[in-house]
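# Chain and residue survey
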Amino acid sequence: MTALLYILAALVILLALGWLARFVGQKATGNKPLFRDMPLAVAFGYVLGAAIVIAGIWYYFQPVTTEQGTPDAGVTFFHWAVHGFILAAIAAFLFRLLGRHVGTAGSKKLFRHMPLTAAFGILVIILYAFTAIFAGVLAPYGQEEVFAQVNALPGGDASVGGNPDHPLGTDQIGRDLMSRLIYGAQNTVGIAFATTLIAFLLGGSLGFLAATIQGWLDQVLSRVVDVLMAIPSLIFALLLMTIASAWAGSQQWLLTVYMVVIIAVIDSTRVFRLARAVGMNIVVMDYIEAAKLRGEGLGYLIFREILPNATAPLLAEFGLRFCFVFLTIAALSFLGVGIQPPLADWGTMVRDLAQFINFAAFSPLTAALPIMAAGAIALLTVAVNFVVDWMLQKSSGLKE
Amino acid sequence: MNAVLKIILQRLALGVLTLFIVSIVIFLAVNMLPGDFAEAILGQGATPEAVAAIRRDLGLDQPLVVRYWDWLSGVLQGDLGNSFAQANFSAFVGSESGGNAGVAQQIAPRFANTMFLAGVTACIAVPLAVGLGVLAALYRNSAFDKAANVFTLSSISSPEFFLAYVLILFLAVLNPMLPSLSNIYPDMGIAERLQKTLLPALTLTLVVTAHMMRMTRAAIINLLASPYIEMARLKGVKPLRIITHHALPNALAPIINVIALNLAYLITGVVVVEVVFVYPGIGQLFVDSVKIRDIPVVQACCLIFAAAYILLNLLADILSILSNPRLRHKR
Amino acid sequence: MTDSDKGQPLVEIRDLRIEGRSDEDWNPIIKGVDLTLHKGEVLGLIGESGAGKSTLGLAAMGFARDGVRISGGSVMFDGIDLLAASAETKRKLVGKRIAYVAQSAAASFNPAHKLIDQHAEAPINHGTATKAEAEQDGMELYRRLRLPNPDEIGFRYPHQVSGGQLQRAMTAMAMSCRPDLIIFDEPTTALDVTTQIEVLAAIRDVVEQFGTAAIYITHDLAVVAQMADRIKVLLRGEEVEENETREMLSNPKEEYTRSLWAVRSFERPEKPPVPTDATPVVSVQNVTAAYGKVQVLHDVSFDIHAGRTVAVVGESGSGKSTTARVITGLLPPKAGQVELDGQILPPDYRKRSKEQLRQVQMIYQMADTALNPRKTIGEIIGRPVQFYMGLTGRKKRDRVADLLDQIELPAETYLDRLPSELSGGQKQRIGIARALAAEPKFIICDEVTSALDQLVAEGILRLLARLQDELNLAYMFITHDLATVKAIADEVVVMKDGEVMEQGSKAQMFTPPHHPYTDLLLSSVPEMDPDWLTNLLAERGRDNIGDAASDKID
């Protein structure tokens, strides 16, 4: 309760400061329009923002070790976060700079108007793709290789239970975590990508077919999709996975295949909706009518007239769908019914490593392990979303 | 008004029909299992007599349509069947009827817990998201809007368990303010219950707020670009009044829609979060039952989730019809 | 108004410069325009699309839309510097002393509130009247603007009132505080001609009665001639010339202005009548058609002969475009049939042979949606050449070059361009070339010039006329614009509510006696004469124009 009062008091003080700042601004600039027409709420916003930035800077310069000599995990994490953020920003900036000067005229133009977030997104996607493709070369050990030392702590410091051969330590049965993290890129991302691809082929082709032919085919497909979409996708996936696990029996790899098929089918319903809607918008265009009246066949209509105009929204949707599929697979794996061992997978890793989080006060790096695996998932989806957001904004900006 | 009533009745009928078809889909999906329930219950060492007995007991020797009808009429009377795990357990212990082994009794308290969690989340998330969304739309392209954009995009993209563990790390482990395990008992006080629920609720809030805020922002920006807002500005109407009188009445439909859609989304988000925090809700029960293939429970949970999802979507539909002036005042 | 009445000007704009943003760059929209407006004076701003008329009109209120900024010059309103004034000062001015009437009244009224509440909002907020007074005054204004049921109409929601009525209600709303200045931004552009005339008469009356100064923005010369005391012509953000209306109409000084005036002079010579025994290229026979249960065409019949143009005229909803859909086979009729060269065409286009499809081609109103934006010009025109004629490679390219030559575009520069790189008129020419590529006998032209500026439209009409003479084509020309009919038609079919009202040769149509609807349609088209509206009102009376008259005819 007192905490709430403190917060309220702080806000009131900030509001007063905001008013003061605006007043000073008006006097200092001789009533420039910027300050003259500024609502109090905006002034408050500026002051609040400034207060948060100052608080952050103050916290950043707190000592890393507490008075008792133990590491202060909070400050350590904050340092990591700030450094990570700055590093990411610099990397994205350099990458964009590179893109502006290397490549074709078209790609240079693309990079010139690119926001930093999108550049960051593209960079991350490239890095993930690289890691996934060359996982076998990059990883120090195989994903199934078991070592003698189990539960080695990360950091490689042998005096506190680490092992220099395993910079991120080993898991409960002695597998190298660094290698599993790298192989995770191959397995998790690869499987999600394949699933999305199948969902797109299925949903996209049926969606365009429904939009072009219309009539009863469209009615039937749309009603089926309506029903399938009435069940929340994660719930439906879990239900079907129950059945699939009975079908697969003890063959774990078969269960992974079933999972790909199940998620692809569930997700293809969303793709169908979008493809149909995009297709419908294009089909009403006069140039489609002209082509129909010319006597063109269905194949020509779909592949030559409709598809070229649908690539932009479909590409954006592919990004969003991929994120969704990726997150669903990660969630299923996290719940223990997704990608099956011995394949290394990030969702499963989070579940297995989760209890390490309680060691945060003693060893921040250990506590970071589950966050790292979960963060690997988050980072890729964030990156893809940044790029998609930029693409959508670009295409909507062109319309206006 | 009559015309609106007609549309709403149509939607309601459609909702009921969808629910009916979904129940068929769930029933059929479950019946795609190889072998049958009896073998699944008794395992590999079962004698043919025992299998036959259980089969008769569960009515598995009846044709599909009859079984569906029995199941559906049971569901409509609040009887969700008997849990395998419980049946198994009672068989093992040797008690006769299994006592209160019904799925309904098992689900009811957990359902209440889940609704509590969803309710707490909604209470925090809805005002926060709508408020921030409107602000972002009003001051679009400002530093605040851009920061909010990056933040919401990141939180939408992150898996729920990532956000959950980050929150646990900061609010439970490093600063022990909230418990990281939400063990809730029926006879718990409301304050304590709230405290235990807060962390999972905050996790869900992060996800749902981000979605809701982005959708609210988009809806309001769309609205602010309409000619009648420009007209109001050119009539010299005060900025605040433009928002309250010209934008909000028209924004109501899209905002209500956004809220209902996100509450529907909440239903699925609950599953992962409940598992992370070991929260005794229906989501956790669902996942546990999936793992041990306890079909009646899986079936029942699935139906409940689907029903909640359909109802919320239906609600969104109906409310947005009601708040649309063009539909309310027919020509 | 004479020069001697003028004292201090109400609006004084000096060297105004406005820029608009595209991507990261700011491009000039208005490049240094001066404007002076005295109390009670009406200034007509005229120009083609992209001339910056609306931007200039809004700038006179001290307002710039999102993505537009005022970069230089000054705007003085009654001694107040609008560009230096605070947001608060400007807010108190607009709505009260300067009011705005938007192009689309349907979109500019808030759908959530009743008309009268929106009407009363400005007076109440500016403190010039109480709610009751404002509502009373609103009804009075509705009466003056000749809205039906003036005491009741204000209590309806915008979507319950027709477009022409909404436009008058918006004028009433602008009048609610008795402003000194009203900006009319193309208030009648979206309306049908018969409705437009009513709105014009109403606007002119109230502006005169209250002595309000106005800036009237439009692209239609004949309209501005009725409304304005003075006319200013804009071209790409610069002033061409300004003068008093009569002087401007009779004696334009600049080349550009003269070319605008000259547009309406194009008219084709009359052709000899068709021999009575000739087989028409297309014959529409007793066609009745419906969308679902809604009947849209009743017993429509007419013939189109080789080398002739039949103009199908009517207002929106009259069934002109539906007739075209029946002929092309997109909408199979409920009854009746369409013949091509004396042969009955299958009702559904999917049942027609390639040869039959080839003979009937179409040119669309919106060239933007008629050309696939992802295909080059060469591909767009090349496809029918290959599809129907079976030409490929070198032969196909030569044929496409020929076609481009026919529509007066140099092949080498345009062959590899995308439609988005072309102007509106050029796109429409590509549409024509695509139709010609099939070497048809008959082309349907659906409002082909209505989305274009007058000068460009003129070029398209001349091109179509030339092609008809060279290739002996038959045209069905769908239009709502009688000037276009005069320019190109040989025969005219007048439609209303899905029925043919009257048909005959152009000469017959434009000489009395007329069918009453044709008469109404003809008389509603504004003419360049500044006295036209005054004379017409005197001649026909106020109750024999617009929707009122149109409704009587059924």
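Check the entry above for the structure.
An account of the accompanying structure is given in this report. (Residues numbered from 1 in each chain as written. Chains lettered and ligands numbered in written order. Predicted model: local features only at pLDDT ≥ 70, side-chain atom pairs only at ≥ 80, totals over all residues. Heavy atoms only, no water.)

## Quick look at the interface of chain B and chain A
Contacts between chain B and chain A engage 46 residues on the former and 48 residues on the latter. Looking only at chain B, the three residues that lose the most surface to chain A are Ser 157, Phe 161 and Tyr 165 of chain B, adding up to 15% of its buried area. Counting the contacts that link chain B with chain A gives 1 salt bridge. Across the pair Asp 389 of chain A and Arg 214 of chain B runs a salt bridge, and its minimum N-O distance is 3.1 Å. Put simply, chain B and chain A have 5 residue pairs in polar contact (both at pLDDT 80 or more) between them. Every element with two or more residues in the side of chain B that touches chain A is listed here: helix 1 (2–30), helix 7 (143–157), helix 8 (160–174), helix 11 (239–276), helix 12 (282–292) and helix 13 (295–322) of chain B. (Contact = heavy atoms within 4.5 Å. Buried area = accessible area lost by both parts, 1.4 Å probe. Salt bridge = Lys/Arg side-chain N within 4 Å of Asp/Glu carboxyl O. Polar contact = N/O pair within 3.5 Å; in protein donor to acceptor, adjacent residues only side chain to side chain. Helix = DSSP H or I, 4+ residues; strand = E, 2+ residues; numbered from the N terminus.)

## A short note on the interface of chain C and chain A
When the parts of a complex come together, some accessible area is lost, and that lost area is often taken as the interface size. Across the boundary between the two partners, chain C contributes 26 residues, which contact 18 residues of chain A. Taken together, both faces of the contact between chain C and chain A bury some 2000 Å²; the carbon and sulfur share is 53%. Interface area lost by chain C to chain A is led by Tyr 364, Thr 369 and Arg 383 of chain C, which between them contribute 25%. The interface formed by chain C and chain A contains 3 salt bridges. In this structure, the salt-bridge partner of Glu 296 of chain A is Arg 383 of chain C, at a minimum N-O distance of 2.6 Å. On inspection of chain C and its partner chain A, the count reaches 11 residue pairs in polar contact (both at pLDDT 80 or more). Breaking the side of chain C that touches chain A down by element, the ones donating at least two residues are helix 11 (320–328), helix 13 (367–370) and helix 14 (377–389) of chain C. At 4 residues, helix 14 of chain C tops the list of elements feeding residues into the side of chain C that touches chain A. Along the lines of polarity and charge, the residues of the side of chain C that touches chain A split into 15 nonpolar, 4 polar and 7 charged. (Nonpolar A, V, L, I, M, F, W, Y, C, P; charged D, E, K, R; others polar.)

## Comments concerning the side chain of Glu 19 of chain C
All names here are of chain C. For Glu 19, the location among the structural elements is in strand 1 (residues 11–22). Relative accessible area serves as the criterion here: at 18%, Glu 19 is assigned to the buried category. In contact with Glu 19, other than residues within four places in its own chain, are Trp 26, Asn 27, Pro 28, Ile 29, Gly 67, Val 68, Arg 69 and Ser 71. (Buried < 20%, exposed > 50% of the residue type's maximum accessible area, 1.4 Å probe, protein only.)

## Overview of the pairing of strand 8 (residues 213–218) of chain C
Residue and element names in this part refer to chain C. Counted residue by residue, strand 8 has 6 buried out of 6 residues, so it is predominantly covered. Of the two faces of strand 8, the one lined by Ala 213, Ile 215 and Ile 217 and the one lined by Ala 214, Tyr 216 and Thr 218 are each fully buried. Here 5 bridges tie strand 3 (residues 42–46) to strand 8, and the two strands are oriented parallel to one another. The residue of strand 8 that forms the bridge with Ile 46 is Thr 218. Where strand 7 (residues 181–185) and strand 8 come together, 5 bridges link them in parallel fashion. Along strand 8, the bridge assignment pairs Ile 182 with Ala 214. (Pairing = 2+ DSSP bridges.)

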